[in-house]
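Listed below are the residues making up each chain.
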Amino acid sequence: MIVDYLCFASSHEDFDTWATLSAGIDDFKQLVVCLSYYDYEDELHNGYAIMDSDNTANLAKQLGLEINELPEMIYEEYEDAFHWVPSDVDKTFQDVLEKFLDHGVKFHLKPME
């Protein structure tokens, strides 16, 4: 799955652990939100929320957007948020998922690797 991600939330990178959130559209026209977590050994772990192409198209239609505009919309929603710790980024991830559910669209979670 090739996705050109747009980062929309990040914790402070000077701490021993940190996290980022990014969103993009993959080759199958699926909206993908990626939670990246860097642990104490600076190893990267990723978890994903993936919305299939039908649900992605439905969400875009509800919002009056083109599919490829969804990551930018998410970025604009959260661009002013500054997070100090990874748990704040995780809370933002949960908020994004709740907003998806509020629109009645489904997604599946791929756990941290």
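As a reminder, the structure under discussion sits directly above these lines.
Residues numbered from 1 in each chain as written. Predicted model: local features only at pLDDT ≥ 70, side-chain atom pairs only at ≥ 80, totals over all residues. Heavy atoms only, no water.

A.B. asks: Is there a simple way to explain the pairing of strand β3 (residues 31-38) in this structure?
C.D. replies: Each regular strand shows side chains that alternate between the opposite faces of the sheet. In terms of burial, β3 is a largely internal element, seven of the eight residues being buried. Where strand β2 (residues 18-25) folds back onto β3 in an antiparallel hairpin, the turn is made up of five residues, including Lys-29, whose phi is positive at roughly 65°. Here eight bridges tie β3 to strand β4 (residues 44-51), and the two strands are oriented antiparallel to one another. Considered in β4, the bridge of Leu-35 is made with Gly-47. Between β3 and β4, which pair antiparallel and follow one another directly, the connecting turn spans five residues, one of which, Asp-42, has a positive phi of 60°. (Buried < 20%, exposed > 50% of the residue type's maximum accessible area, 1.4 Å probe, protein only. Helix = DSSP H or I, 4+ residues; strand = E, 2+ residues; numbered from the N terminus. Pairing = 2+ DSSP bridges.)

A.B. asks: Please clarify how the environment of Asn-58 should be interpreted in this entry.
C.D. replies: Topologically, Asn-58 is positioned in helix α1 (residues 53-63). For Asn-58, a relative accessible area of 33% puts it in the partly exposed group. Along the primary structure Asn-58 and Ser-10 are separated by 48 residues, whereas in three dimensions their C-alpha atoms are 28 Å apart.

A.B. asks: Is there a simple way to think about the packing of helix α2 (residues 70-78) against helix α3 (residues 86-102) in this case?
C.D. replies: The description of two packed helices rests on the angle between their axes and on the distance between the axes. Running from N to C, α2 and α3 cross one another at 125°; their axes reach a closest spacing of 12 Å. On the basis of their axis angle, the class for α2 and α3 is oblique. As for the relative orientation of α2 and α3, their crossing is right-handed in sense. Contacts between α2 and α3 involve Ile-74, Glu-77 and Tyr-78 on the former and, on the latter, Thr-92, Asp-95, Val-96, Lys-99 and Phe-100. Its residues placed into classes, the contact of α2 with α3 shows four nonpolar, one polar and three charged. (Axes fitted to C-alpha atoms, helices over the stretch in contact; angles between N-to-C directions. Parallel < 35°, antiparallel > 145°, perpendicular 65-115°, else oblique. Left-handed = near helix turned anticlockwise from the far one by under 90°. Contact = heavy atoms within 4.5 Å. Nonpolar A, V, L, I, M, F, W, Y, C, P; charged D, E, K, R; others polar.)

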